[in-house]
Every structure is written in C-alpha cells, then in structure tokens.
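Residues per chain are reported as follows:
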There are 4 protein chains.
Amino acid sequence: MKVGFIGIGAMGAGVVRNLLAAGHEVAVWDRFPEPVAEAVAIGASAAASPFEAAQFDVVFSMLAHDDAIQSVLIDSGWLVQLKKPLIHVNLSTISVNYGKKLGELHDVAGIDYVGAPVFGRPDAALAGTLHLVVGGRAELLGKLDTLLTAISKKVWHVGEQPFQANLVKLAGNMMIACAIEAMAEATALGTSHGIDRNIMLDLYLDALFPCGVYRGYGDFIRRREYEPVGFKLPLGLKDVRLALEAGEASRVPLPLAGAVRDSLVMAMANGYEDKDWSSLAEMSYARAGIKREI
Amino acid sequence: MKVGFIGIGAMGAGVVRNLLAAGHEVAVWDRFPEPVAEAVAIGASAAASPFEAAQFDVVFSMLAHDDAIQSVLIDSGWLVQLKKPLIHVNLSTISVNYGKKLGELHDVAGIDYVGAPVFGRPDAALAGTLHLVVGGRAELLGKLDTLLTAISKKVWHVGEQPFQANLVKLAGNMMIACAIEAMAEATALGTSHGIDRNIMLDLYLDALFPCGVYRGYGDFIRRREYEPVGFKLPLGLKDVRLALEAGEASRVPLPLAGAVRDSLVMAMANGYEDKDWSSLAEMSYARAGIKREI
Amino acid sequence: MKVGFIGIGAMGAGVVRNLLAAGHEVAVWDRFPEPVAEAVAIGASAAASPFEAAQFDVVFSMLAHDDAIQSVLIDSGWLVQLKKPLIHVNLSTISVNYGKKLGELHDVAGIDYVGAPVFGRPDAALAGTLHLVVGGRAELLGKLDTLLTAISKKVWHVGEQPFQANLVKLAGNMMIACAIEAMAEATALGTSHGIDRNIMLDLYLDALFPCGVYRGYGDFIRRREYEPVGFKLPLGLKDVRLALEAGEASRVPLPLAGAVRDSLVMAMANGYEDKDWSSLAEMSYARAGIKREI
Amino acid sequence: MKVGFIGIGAMGAGVVRNLLAAGHEVAVWDRFPEPVAEAVAIGASAAASPFEAAQFDVVFSMLAHDDAIQSVLIDSGWLVQLKKPLIHVNLSTISVNYGKKLGELHDVAGIDYVGAPVFGRPDAALAGTLHLVVGGRAELLGKLDTLLTAISKKVWHVGEQPFQANLVKLAGNMMIACAIEAMAEATALGTSHGIDRNIMLDLYLDALFPCGVYRGYGDFIRRREYEPVGFKLPLGLKDVRLALEAGEASRVPLPLAGAVRDSLVMAMANGYEDKDWSSLAEMSYARAGIKREI
C-alpha cells in the first residue's frame, strides 16, 4: 500500500520503519531535512510538502501537539485542499477538545479521520510494539487493518468518535502520573522512617506492581536522577492538565489528577523543567524536607 | 521445629497449614473453637491459652488490629510472663506507632520481636505465596529462616526495627488504594465521553499495568459490584489513615493518600461499609453524576 | 467628560448610572436594545456601534468573558480602526492570558489600555460602592481619576500591567470559593455530630468572620437554597479554573483551589448548573451522605 | 459565687482575673507555683490540689490537651472522688473523641459536665471578650449564667452534648487554617505575576474579608515573619488533624482540610515547628519556588 507520513520525530521514525518493513511505500514529510533523509535512506520517498504526502489513500500524521497540527494541517489550508477519498490517521497526542474540532473540520472537508494516539516510547515504536488507541468508524478500521497491524502490537478500538481515542490516551497518562506520585509518596514515607527506598521498590515492584510502568519510572526514583529523559516534565504536565480539562468539560471531578498536577507544577517551579516527568517524585521528598544524598 | 500460633483467621489458617506441610509442629490458639478444631484436624495441636502457645522457641501471632493485640498479648499479662528465650513473630498489620510501642515492650520484657506483616490474600496464604515484609535484627531472621520460607514466596527484610515492616505494609496498601482510585477516575472520565469502561480497562491492564493489583481491583470496577469482599472498606480506610498518621508523625505530606482517604470516607457515608474497599470507585462515578446501569 | 460604554449588563447599567450622576456624558452600546433604551431614559446617548462609542477620549467595556471581547472588540476590527489618542478601560473579568494578549494588541494598535475588573455585585455597581482593581500605567490613571472615582468606593492600583488586575480579581474569587467550601465542610461536620448549622454559622460569622463574603454566602448555606442567583455556578467554576491556569502558567501550585474546583465540577454534574456557585456547599453534604431536609 | 479553677496558663490567667473582677471567689491550682502566686496577688486563693479546687459548686479546668486532662483529672483519681453535686466546666480545646469519653466518665461519676472551649487569644481572655462555645444541658447553663457571662463576650450554646462544643471549636480552627492557606495561595499567585502581596492583602482585607482572622494572619503573611507566635504550628496541625479525625468518625470527607493538613505537615518538615501556624503560608511560596527576600 502506498501512504504518506507527516512528522518524523523520534516516534514517527520508528513507525515509518515498520511500515516500510511490512512492504508499504511511504512518502514522508517533516519540517526538518535530517529525519526525512534518514527515512529515505531506509526506503521511504521524500514528499516536497504535507500536501504531496497526502496524494494516496491514507496519510498519517504524528506531530507534537495541538498547535503543530493547527499550523501544519489547518491554518496552511492543507485539509481543505485534499483530494478525496482520503483517510487521515492522526497518531498525535492531542487534547479532547481539539480532537473534537478536528473531527468536525474533517467532516466539513469530506476527509475520513481516525484518531490514533499510541502508548509506548520510541523503542516500542521502532520494535513495532506500540499499543494503538483508535477512535473512528469501524469500516475505516477495516481498510486500515494491514497498516495498523504493521506498526503496533495491538490495536484498541475504543469508539466511533476520533476524540475518544485522545481521551483514552490522556486518561492513561494521568494514571501513569498517579503511579509515579504514589511511588514517590510511599518511598518518602519509608525514607523518613529509615527504610532504604530501593528495598521498598524491590518489594512493591515484585509483590504488587510487577509491570513496566512502575518498573520504568521506579528506576528513575531509585536513582533520584531523572535523565535520560523519556517524557519531558512539561509534556507530562500538559497531558494531566488536558485530562483535567476534559473532566471539567464533561463534569468529572478528578481529585487524584488534581493532586498530581500540583506536584508537576511544583517540579516546574523548582528546577526540573528539562527532566523526565518522574522528577515529580522529588517534590514528595522536598515537601518532607528530605535532602538529596551526595 | 515446634512453634506456637495465636490467631487462626482466614489468613492464619493458611499459614498454619504451610507450617505443618513443611514438617513443623504447631500449637494453635484462637478465641473461637472452630478454627482451632480445623487446624487440629490437619495435624496441629490445640493450645489451651495464648500463654501455652508460647512455650516453644518461636511464637507467631496473626490478629486483626492493634486493639486485638493489646487485649490478647499485652493487657492480659501474656508478654511479661513468657519464658525466655523466645522469638515473637507478629504477622498482623498494625500501626507504626503501635509497632514502635510493641518493640519497646518486648525489649523491656526481654523477648525477641519481629514485625512481619504480609502482602497477599487468604488464597496466597494457603498457597504459601505470601510476600513477607520483615522488620527485625538480622540474627533473628537467620534463626527463623526455615519457618519464614515455609509460609511465603519471598521474605523481604526491610530494616532492623520491627515497626519498619509495619510502615512498608501500610505504604503498600496506600499505593494500592491510589491505583484503585486512578482506575476509577480514568473510567469515570471515559464513561462521560461515551467510552465503555471495559475497553478502557482491557487496554490499561494490558498496555500499561499488567499486574495483579490492577487486574484484581479492575475486575470489581468492571462489574461495579464490590462483592465478594476481598478487603473490607473500613479496613482499607484504616490502613490509609494509618499511613497518613505515620506521615504526619515523621512529617511527610501525602496529598494522594489524602485524596483517596476522602473517597474512602465518602464511600463509608454512602452505603458501601460492608463492601470491598474498591467500592471507593463508585465515588468517582457519583461525583460525576454517573448513574448505575441496571 | 464625554465617554463611551460598551456592554450594558446588570453590572454595566449601574456603572453607567453613576457616570451620568457624576455629570459625565455617556454614549452607550449593547447588542440588545433594551438596556440601551434604559440607559438613554436616564440621560445616556445611544451609540450605533461599538465603533461610535469610541469616538471620545475614553471608552469603557464591560462584557461577559474573553470570547465576547474577542468577538465584539477584536475580530470585528474595532481595535485597529480606532482614532487616537484613546484610553480603553476594560471592566470585564477575563483570563490572565487573554489580558496579556489584549495588552499586546492595544500596544500594537497604539491605544492606551487599562485592565479594571471590579469586586461587587449589581447592587454595589448601582450604589457606586464597587472596588475597582486597576492595572495600567500610573499616568493613565491620573487622567481617569474623576471617572474611576465616580463609579467606585475605592480604586486599587495593583500594577503597571493591565493583566495584573485580572489576576488579582481571579485570585480574589478563588479566595471566596475557598471560604464557601470551608463553611460547607465545617457545617457538614457539625451536622454529622447533631449540631444545627445555623448556630455554627451564627457563631463563626460573629466570632471569626464578621464580613460580607461569609455572611452573604453563609446565608445561602443556611437556607440550603441557592437562589436567587448572585453569581452563577459555571461562572464561578470558570474563574477558579482561570486562577488555576494562571498558576500553572507562572508555576504556582494551588492545592486549595484544586480541591474547590472539584466541588464546583461535582456541583455541575449533580444538577446545580443554574444555581448560585455557593451551591458547591451541597457537595460537602452529598459526600457525607447528609440528605436534604424537607 | 465560689469556684475552683484548674490550669492557669496564659488563657486561664485572664479568665480568672475576670471571674475575680465580677466578684466571684476563685480557688486556683496549677502544677507550677508562679501562675498561682500571680492569681493570689489579685485576689484568688491557692488550692493545694486539683481536688481541693473542686470543693465548691463549680470547677473550671483549662488545660493544654487531652493528655493533660487525662493525667490531672482522670488517671489521678480526681473525677471519681469528687463531692456532689458539682458542675465541671472544661474550657480546654480537646478532641471530639476524648470529649465523648469525658462525658461518659462524668456520667458514671455522677458529676455534671459542660464542654466550653473558647475562641480568642490571651488578650481576649484578659479583656473578657472571648467567645465561649458551650455544649451541655440547658439547665446547667442556667446555673452557670453569671459565671460564663463574666468571662466572655458571648456564650454560644451549640448542643446538649459536651463534645459538640469541642467539635465546633475544632471546625472553627479548621476554617481559620483554610483562610490562611487561601491568602497564601492568592499572594503566591500574585507574586509570581509581579504583584506586591501587600497591595493584594490591602485590597482583599478591605473589599472582601474585613475581619479579624484575615487581618491578624494576613499581617504575618505581609511580613513573612511568623513571630511572635500566636498559635504554634504543631497545635494548629493537631487541631486540623482532630477535625479530620472527627470527620472520619462521622463519615464526612473534608478535602480542603486535607489539603491544608499537607501544608501544615510540610511546614513542620521544613523548619517552622516553633513558628506561628500561619507559617504554613511559606509552603505556598516554597512550592512555587518563590525565594525569601532579604
């Protein structure tokens, strides 16, 4: 199948590689030349513009946030000039509100639209082991089956509306943030009682939470070093805020998310802006007056 | 080895069975005759009193809470009349404060004392797959090795002080409560956006949190039925409160635990007192005005 | 002095009346004819458009929210077509972010701009007893002195930047929301211990908080009726959210505001959307399982 | 009237003076000789023991906390040896739980008991302008009328049960804590937007909250110095905790109180243990990364 791909960041690069590996042809565009060159080196073709990347039956986009999509795909006039039929699969993590707006704009433009944010890091994107959260009409998913299967471990169809996938992605990140904060509070409590946080984490991650999210972020907390960055603090704060906003719009109080938000904001204010978002854990230690060891 | 065992509840029954299965002789005492009779039926001997159960080198206790221990082992004069040397292994989940006090009382009485609360349900106690959280002097643990190995999957030595084990147990339950609340908030958010909570839980429990705690409690949330009870709501509230108290005593703010506490109290006030503590999830739905389906 | 006035709602009507009473000439515009006619009946002149209302040295605006201003004053091309010099005094309660943007747009357009939200209800607007929170350059305030004095009890100059006044207004409303929630939690606690909430409020409002905010909202809580509406629930939620957003932008965690936000969202979800925002108090009662008396 | 008075701290000294000034005879006891000597110097008589102070129709007690009362009045055997009839008026701030227990112990002993904690500082005790919160049977209050009137500005009868007065006192302190935290969050938000906190407080304390609690604690926040101490941080934390405990016992979630609790605990952990409890305000600044000016 021949497809376009707009936005070749750390995540997009892995996805493109898996599309190519599955035998698909991929025309890629990015605002920077290097990632395009790298994709071309492994078999992709270069599209001269986002518009040119949308000349096939399917176009993927994987951009950083609402504003990037608005600028590249909407304000540019891209969406309203596309040839039809076309399915646009948006792998970006965006707000629920903006997901709704995009859905409406695609309806007006007569372009099929699927919201498809992913769970997984760049290494999972490369390994083809992403979890794909998909919102869109079932008939569209049928047409996309070989493509989506090529880039993911599993495809989760959460609803007929594209924005529903965005909600599920944001709520998942909110849960991850809660898990990080819970590990932080528990180990702060232990430290204040003279207990080694490594022993606590060994125990909890074996007896109670033997799963990747706790292990991965538990590792940052063990080291109390929040590099190399997996997911940057401001992005984590943004996603928790977007979950709270979605809750406010649909009238769902989220007290745990609210408490975590405060830790994330506190971390922003106290020097962790460029660190992994698990650095919110340091706030539990700071609030408890627990100093950093040297 | 010959040991005593005081308190044969659902948990203790399983532990006794594993001690017997490993070839140890066990003299059991309980305030009710039935569990004693059941233990005798599989090879234990009956002790006429807590005092008689403490005539060997090691005595276990597994009672419901601080007050039960105070009544059976302290106010009764038990502790101060024991023959020495004796190691008392206390498997009960108790408060940090009371754990400290018990440590001091045993020191005064000249009795060796090990705090050893467990993670695991009655089925794990029976299967010998408990995780044992142990606080006590390393030399004592050496002497207890065959016993502790017989009743658990793994022994976690978290510190030299018995109360440290109590803290680790309470902090672990606090983390579990946070996990339940996080699932509740995420699925309330999804429901309000028209998304089936089962699909969300399928996804989160596979992609993010493939571990027993999330699966077990996720199952209650799927059904929105909180029976049969695994861990009763008032006990869950008690443990979260004890974690908050321990934090207050050692000056550790615990905002997430505080938020969960409120959901637990709200559940107590709204008819879930006799349900599993995962019924705190219903509070997320009630706050969001999401009615029960029929 | 001759001035224009855009937006004659319940608040604006009172302000216009005081301007007229102080001897100023006022050309008024509103999207609805009735309030304009009422203003004309007491001595104002009718402006045919927002543009015509801005033909003098000073123009006031008092619109409901960011979007109304954006639509009437910005998207319409109004701001960029104004004759100069002109001072625009914006009495509206708007977000900090939008206040910043308006400041920049006025700078570009060469129009002097003062942010001037008010504390006070329609009755205070009418009585001329508003508190005026002013952000803007001191020299501008000098020129506005007789006007601002005519419509307020006191003018508070909080900073040189117009958006600073918006921040102070939002933070004040956040404090009011906290006061309401505190009264709700205290009286829920009392009710659950068999104490009449009226006696508690009598005591607290005399011994501790003898001031208008507590008295006014305490009165709603006494009656557990949240009508007639002084400040509608969704507006209250909006202001608390805007305070939280401002805090997030400037990296200030606001745990109390976050907790109140959840009560406001819960009230939106549970049937109080058209009530006074003090109906958030009912959420304390609902969480505690305290039923409404008949 | 002739009465006894047990516990002559800063508060008790003022109360005794007003009893004497109103023409009553007062036999005083304290564990320290100095306050007794001072009371005798202005006309009181010295009682040799708490027992001797209870030889009249009425005995007041004003001790620091639950433990002090337990030690002086209960464990000592005082209560069970008293002559009857006797009314014990307990002016101490104690927990609801302990208030209930004291009520039961007095019933058993056949001694009439009135819970009567006060709102007001030592200067108000001296000036006779305390607010007296009274729980007890109406007939007892009739007998106490001249005494209670002599020591207070106003007597608030909140219920027939003595512990109800304790609850009302604790809930009031909880409200005060919320007011302090709200001022702290608002001024942290302002500071981060370049606004002088003094201007904000001037405005809020004039336009919104012109009452003593806000003014008094606002003054600490203006100076960001939390001395001289009015109410010490650990006592403030204790009262908020007791309110939360009372809420947990009667099943009332208290999210605002929970958030304030965390600020109080954080202040304990970060060096404010010996300061006024309004130093919790510094936690808002610390969380926002706002440094102390020099």
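Basis of the calculations
- Residues numbered from 1 in each chain as written.
- Chains lettered and ligands numbered in written order.
- Predicted model: local features only at pLDDT ≥ 70, side-chain atom pairs only at ≥ 80, totals over all residues.
- Helix = DSSP H or I, 4+ residues; strand = E, 2+ residues; numbered from the N terminus.
- Rg over C-alpha atoms; globule rule 2.2 N^0.38 Å.
- Buried ≥ 20, exposed ≤ 12 C-beta atoms within 10 Å, placed from the backbone.
- Contact = placed C-beta atoms within 7 Å.
- Least-squares fit on C-alpha atoms with pLDDT ≥ 70 in both.
- Nonpolar A, V, L, I, M, F, W, Y, C, P; charged D, E, K, R; others polar.
- Pairing = 2+ DSSP bridges.
- Right-handed = clockwise from strand over helix to strand, strands pointing away.
- Axes fitted to C-alpha atoms, helices over the stretch in contact; angles between N-to-C directions.
- Parallel < 35°, antiparallel > 145°, perpendicular 65-115°, else oblique.
- Domains from an automatic or database assignment.
- pLDDT = per-residue confidence, 0-100.
- Left-handed = near helix turned anticlockwise from the far one by under 90°.

A. View of the overall build of chain A. Looking only at helices and strands, chain A features twelve helices and nine strands. The C-alpha radius of gyration of chain A comes to 20 Å, within 12% of the 19 Å expected for a compact globule of 294 residues. Dimensions of chain A along its principal axes, counting C-alpha atoms only, are 65 × 45 × 35 Å. When each of the 294 residues of chain A is scored for burial, the buried share is 59%. Sequence-distant contacts in chain A: of pairs separated by 6 or more residues, those separated by 24 or more amount to 65%.

B. Broad picture of the relation of the copies chain A and chain C. Screw-axis analysis of chain A against chain C gives a translation of 0.0 Å along the axis, an RMSD of 0.0 Å, and a rotation angle of 180°. Given the turn and translation reported, the copies of this chain are related as if by a two-fold rotation axis. Considering only C-alpha atoms, the residue of chain A closest to the rotation axis is A:Gly258, which sits at 3.0 Å. A share of 100% of interface residues in chain A that are also interface residues in chain C marks the association as one of identical surfaces.

C. The interface of chain A and chain C, seen in detail. Listed by partner, the interface residues are 14 residues for chain A and 14 residues for chain C. Take the side of chain A that touches chain C: its biggest share by element is eight residues, from helix α11 (residues 255–269) of chain A.

D. Geometry of the interface of chain B and chain A. Each partner contributes to the interface: chain B provides 52 residues, whereas chain A provides 52 residues. At the level of secondary structure, the elements contributing two or more residues to the side of chain B that touches chain A comprise β8 (130–135), β9 (152–159), α8 (162–191), α9 (197–208), α11 (233–250) and α12 (255–269) of chain B. Broken down by element, the side of chain B that touches chain A gets its largest block of residues, 16 residues, from α8(B). For the side of chain B that touches chain A, the residue count by class is 36 nonpolar, eleven polar and five charged.

E. The pairing of strand β9 (residues 152–159) of chain D, seen in detail. All names here are of chain D. Note that strand β8 (residues 130–135) and β9 share six bridges and pair parallel. Residue pairing for β9: Val134 is matched across the bridge by His157. For the crossover that starts at β8, traverses helix α7 (residues 138–151) and ends in the parallel β9, the hand is right-handed.

F. View of the packing of α9(B) against helix α10 (residues 212–223) of chain B. Residue and element names in this part refer to chain B. Put simply, α9 and α10 touch, their axes get as near as 10 Å, and they point 175° apart. Considering the angle they form, α9 stands roughly antiparallel to α10. On α10, the residues touching Arg197, Asn198, Leu201 and Leu205 of α9 are Tyr214, Arg215, Gly218, Ile221 and Arg222. Classifying every residue of the contact of α9 with α10 gives four nonpolar, two polar and three charged.

G. Molecular detail of unusual backbone geometry. The step from A:Lys84 to A:Pro85 runs through a cis peptide bond, and the omega angle for that step is -5°. Relative to the elements of secondary structure, A:Pro85 occurs in the loop between α3 (66–75) and β5 (87–90). Cis rather than trans, the peptide bond between B:Glu227 and B:Pro228 has omega equal to -5°. A positive phi is found at B:Arg224, a non-glycine position, where the angle reads about 50°. With respect to the helices and strands, B:Arg224 occurs in the loop between α10 and α11. Take B:Arg224: there are 15 C-beta atoms within 10 Å of it, and that puts it in the partly exposed class. Notably, D:Arg251 is not glycine yet its phi reads approximately 65°, a positive angle. Using a count of 21 C-beta atoms within 10 Å as the deciding quantity, one classes D:Arg251 as buried.

H. Summary view of the domain arrangement of chain A. All names here are of chain A. By domain assignment, chain A separates into domain 1 (2–160) and domain 2 (167–287). Centre-to-centre separation of domain 1 and domain 2, based on C-alpha positions: 29 Å. Taken together, the contacts link nine residues of domain 1 with eleven residues of domain 2.

I. Just the confidence of the model for chain A, in detail. Here chain A averages 97 in pLDDT, and 99% of its residues register 70 or above. For this predicted complex, the interface score ipTM comes out at 0.96, while the overall pTM is 0.96.

J. Local environment of the packing of helix α4 (residues 96–109) of chain A against helix α7 (residues 162–191) of chain A. Residues and elements named next belong to chain A. Packing of α4 against α7 leaves a shortest axis separation of 8 Å and a crossing angle of 165°. Taken together, α4 and α7 sit at an angle that is classed as roughly antiparallel. Viewed along their axes, α4 and α7 form a crossing whose handedness is right-handed. Between α4, through Val96, Gly99, Lys100, Leu102 and Gly103, and α7, the contact on the second element is made entirely by Pro162, Phe163, Asn166, Leu167 and Leu170. Across the contact of α4 with α7, the residue classes tally to six nonpolar, three polar and one charged.

K. View of the environment of D:Ile111. Here D:Ile111 shows up in the loop between α5 (96–109) and β6 (112–115). Sequence spacing of D:Ile111 and D:Leu79 is 32 residues, and the spatial spacing of their C-alpha atoms is 8.0 Å.

L. Structural context of the environment of A:Pro50. Residues and elements named next belong to chain A. The topology assignment puts Pro50 in the loop between β3 (45–46) and β4 (58–61). Residues Pro50 and Asp30, 20 residues apart in the sequence, show an inter-C-alpha distance of 8.0 Å. Contacts of Pro50, omitting those with residues within four sequence positions, involve Ile6, Trp29, Val72, Leu73, Ser76 and Trp78.

M. The arrangement of the pairing of strand β2 (residues 25–29) of chain B in detail. Residues and elements named next belong to chain B. Here β2 lies mainly inside the structure; four of its five residues are buried. Relative to β2, strand β1 (residues 2–6) runs parallel, the two being bridged by five bridges. From the neighbouring strand, Phe5 faces β2, where its bridge partner is Val28. You can see the chain leave β1, run along helix α1 (residues 10–21) and come back into β2, and the turn it takes is right-handed. The pairing of β2 with strand β3 (residues 45–46) spans two bridges and is parallel. Considered in β3, the bridge of Ala27 is made with Ser45. Where the polypeptide runs from β2 across helix α2 (residues 33–41) and back to β3, its parallel neighbour, the crossover connection is right-handed.

N. View of the environment of C:Leu201. All names here are of chain C. Locating Leu201 in the fold gives a position in helix α9 (residues 197–208). The spacing of Leu201 and Gln55 is 146 residues in sequence and 51 Å in space, taken between C-alpha atoms. Apart from the residues lying within four places of it in its own chain, the contact partners of Leu201 are Met183, Thr187, Gly218, Ile221 and Arg222.

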